[in-house]
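Fold and contact review
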Amino acid sequence: MRAIRNDETGLHVVERPEPEGDGVVVDIASCGICGTDLGYLAMGPLPFTLGHEFAGYVDGVPYAVEPLTRCGQCADCRSGNDNRCSAPTVTRYGNFFDGALAEHLLVADYCLTPLPAGLSIDDASLVETMAVAYRGVRLAEARPGERVCVLGGGAIGLAAVGVARHKGIEVDLEARHPHQRSVGERLGAGIVANDAESRYDVVIEAAGSESGLVRAFELVRPGGRVVLLGVYHGLVPLPGIPMIVKEATVRASMAYAVDPGGGREYANAAAVLAATPEIARALITHRFPLAEAAEAFRVAADRASGSIKVVIHPNQ
């Protein structure tokens, strides 16, 4: 089968063995490029195939696929927080294990999420991004009538806007690039005013930057909540005095698991996408076949291209 690998000379389409073993083989229909993937490329040659945002067919039936396995036995799994499972058998497809930038991938059968009516397989790779945002909004405990701000106009920040608006919550967005702000407005977000300090009940920090953290504690009201939805490497530089003086609650969020309100967050995120087709239309800005993966990654890394979410279709 064809797959994308990164070696000393860059990204290439290579021939790889067909997957074998326990599980089910997914014929990959769509795979999104994540900022994590771009970070891996910066590390140099990789001994695995990237791609953790994906959807495909099993025996002709369409599924979105959770890219995390779980043991099902540890305390976190039993409590519904299987995203925290640290068993040595855990597999993270596309993260040091082969992922979905290939024509086929072997996965655990319980990772399959049937697509709801109205969600195209070509858009279903976006479920992974939406599920990250869904959990962050849920952990924020935001309610209609509260003021919510999202910091960061990447795919996850904009997905958080989409989830919040689906739940009937008013949300403002602060984003760096004009095309990100435009997409936010398209999804129903307002713009953060220049004099918005201490205004928001909830701030969702989706930029993953030190400046974003500083801004989050400027914007949150005393006694408000800050959710860390971005990715931070090393120490998280929380601004001590604003956080302490405001007595703000800080909540980290990672991936997706069981929704206490019912079902899995992955399936519930897929339902949001099916109910709100405009989210996928707004966030997926570029599509490429597998043979053009190098160009797809170049576009994904170049904000001047106007990219939000770039999707590769391995079997096209």
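This text follows the structure it describes.
Residues numbered from 1 in each chain as written. Predicted model: local features only at pLDDT ≥ 70, side-chain atom pairs only at ≥ 80, totals over all residues. Heavy atoms only, no water.

Some words on the packing of helix α3 (residues 127-140) against helix α8 (residues 265-275)
- Where α3 contacts α8, the axes come no closer than 8 Å and their chain directions differ by 105°. The orientation of α3 relative to α8 falls into the category roughly perpendicular. Between α3 and α8, the residues in contact are Val127, Glu128, Met130, Ala131, Tyr134, Arg135 and Arg138 and Glu265, Tyr266, Asn268, Ala269, Ala270, Val272 and Leu273, respectively.
- Here the residues of the contact of α3 with α8 sort into nine nonpolar, one polar and four charged. (Axes fitted to C-alpha atoms, helices over the stretch in contact; angles between N-to-C directions. Helix = DSSP H or I, 4+ residues; strand = E, 2+ residues; numbered from the N terminus. Parallel < 35°, antiparallel > 145°, perpendicular 65-115°, else oblique. Contact = heavy atoms within 4.5 Å. Nonpolar A, V, L, I, M, F, W, Y, C, P; charged D, E, K, R; others polar.)

Points about the layout of surface pockets
- In this model, the second largest pocket occupies a volume close to 300 Å³.
- Lining the second largest pocket are 19 residues, and of these Pro19, Glu20, Asp98, Leu105 and Leu106 lie nearest its centre.
- Broken down by element, the residue count for the lining of the second largest pocket peaks at three residues, all from strand β6 (residues 104-107).
- Taken together, the residues that form the lining of the second largest pocket break down as nine nonpolar, five polar and five charged. (1 Å grid on protein atoms, 1.4 Å probe; cavity = no way out; pocket = protein on both sides within 12 Å on 5 of 7 lines; lining within 4 Å. Points joined across faces, edges and corners; volume = space filled by probe spheres on them.)

Overview of the sheet that holds strand β11 (residues 200-205)
- Strand order in this open sheet of six strands is β10-β9-β8-β11-β12-β13, and the pairing throughout is parallel. The open sheet has two edge strands with one neighbour each: β10 (190-191) and β13 (249-252).
- Taken together, the two bridges between strand β9 (residues 171-174) and β10 define a ladder with parallel strand orientation. Looking across to β10, one finds that Asp172 is bridged to Gly190.
- The sheet contacts of helix α6 (residues 210-219) involve β8 (148-151), β9, β11, β12 (220-228) and β13, and relative to β12 the element is tilted by about 145°. (Pairing = 2+ DSSP bridges.)

Things to note about unusual backbone geometry
- The backbone of Asp59 sits at a positive phi, close to 55°, despite the residue not being glycine.
- Within the fold, Asp59 resides in the loop between β4 (53-58) and β5 (61-65).
- Assessed through its relative accessible area of 76%, Asp59 is described here as exposed.
- At Phe96, a position not held by glycine, the phi torsion is positive, near 70°.
- Here Phe96 lies in the loop between α2 (75-78) and β6.
- Since its relative accessible area comes to 53%, Phe96 is described here as exposed. (Buried < 20%, exposed > 50% of the residue type's maximum accessible area, 1.4 Å probe, protein only.)

Quick word on the nonpolar core
- Residues Leu119, Met130, Leu187, Ile204, Leu273 and Leu283 are the most contacted members of the largest nonpolar core, which totals 54 residues.
- The set of elements that each furnish at least two residues to this core consists of α3, β8, α4 (155-166), β9, β11, α8 and α9 (277-283).
- At eight residues, the largest contribution of residues to this core is made by α3. (Core = buried A, V, L, I, M, F, W, Y, C linked by side-chain atoms within 4.5 Å.)

A short note on the packing of α3 against α4
- Taken N-terminus to C-terminus, the directions of α3 and α4 make an angle of 60°; their axes are 8 Å apart at the nearest point. Judged by the angle between their axes, α3 and α4 are oblique. Considering the relative orientation of α3 and α4, their crossing is right-handed. Where α3 approaches α4, its residues Thr129, Met130, Val132, Ala133, Tyr134 and Val137 are matched on the opposing element by Ala155, Ile156, Ala159, Ala160 and Val163. (Left-handed = near helix turned anticlockwise from the far one by under 90°.)

Regarding the pattern of salt bridges
- Evaluated as defined, the whole model comprises 20 salt bridges.
- Residues Arg84 and Asp76 are paired through a salt bridge, measuring 3.7 Å at the closest nitrogen-oxygen approach.
- Salt-bridge contacts for Arg143 lead to Glu146; the nearest nitrogen and oxygen are separated by 3.1 Å.
- Residue classification places Glu146 among the buried positions, given a relative accessible area of 11%.
- Each of Glu174, Glu197, Arg215 and Glu218 takes part in salt bridges that share partners, so that together they form one network. (Salt bridge = Lys/Arg side-chain N within 4 Å of Asp/Glu carboxyl O.)

Describing α4
- Compared with an ideal rise of 1.5 Å per residue, which puts twelve residues at 16 Å, α4 spans 16 Å between its outermost C-alpha atoms and is within 8% of the ideal.
- Of all twelve residues in α4, nine are buried; the element is thus mostly enclosed.
- By the burial criterion, the buried members of α4 are Ala155, Gly157, Leu158, Ala159, Ala160, Val161, Gly162, Val163 and Ala164.
- On its buried side, α4 packs onto α3, β8, β9, α5 (178-186), α9 and β15 (309-313). (Expected span 1.5 Å × (residues − 1).)

A few points about the packing of aromatic side chains
- Tallied over the full model, the rule gives four aromatic pairs.
- Judged by centre distance (5.3 Å) and plane angle (90°), the ring pair of Tyr40 and Phe96 falls under edge-to-face. With Tyr40 in helix α1 (residues 35-42) and Phe96 in the loop between α2 and β6, the pair connects residues that are 56 residues apart, well separated along the chain.
- The rings of Tyr40, Phe48 and Phe96 are connected pair by pair, giving a single aromatic cluster.
- Cation over ring: Arg147 sits above Tyr200, and NZ or CZ is 5.9 Å from the ring centre. (Phe/Tyr/Trp six-rings, centres within 6.5 Å; stacked < 30°, edge-to-face > 60°. Lys NZ or Arg CZ within 6 Å of the ring centre and 35° of its normal.)

Here we look at the side chain of Lys246
- Checked against the element boundaries, Lys246 lands in helix α7 (residues 240-246).
- Of the side chains bearing the opposite charge, Glu218 lies closest to the buried Lys246, which forms no salt bridge; the N-O distance is 8.0 Å.
- A polar atom in the side chain of Lys246 sits 3.0 Å from the backbone oxygen of Glu218. (Lys, Arg positive; Asp, Glu negative; His and termini not counted. Polar contact = N/O pair within 3.5 Å; in protein donor to acceptor, adjacent residues only side chain to side chain.)

Coordinates in, geometry out; function isn't part of it.
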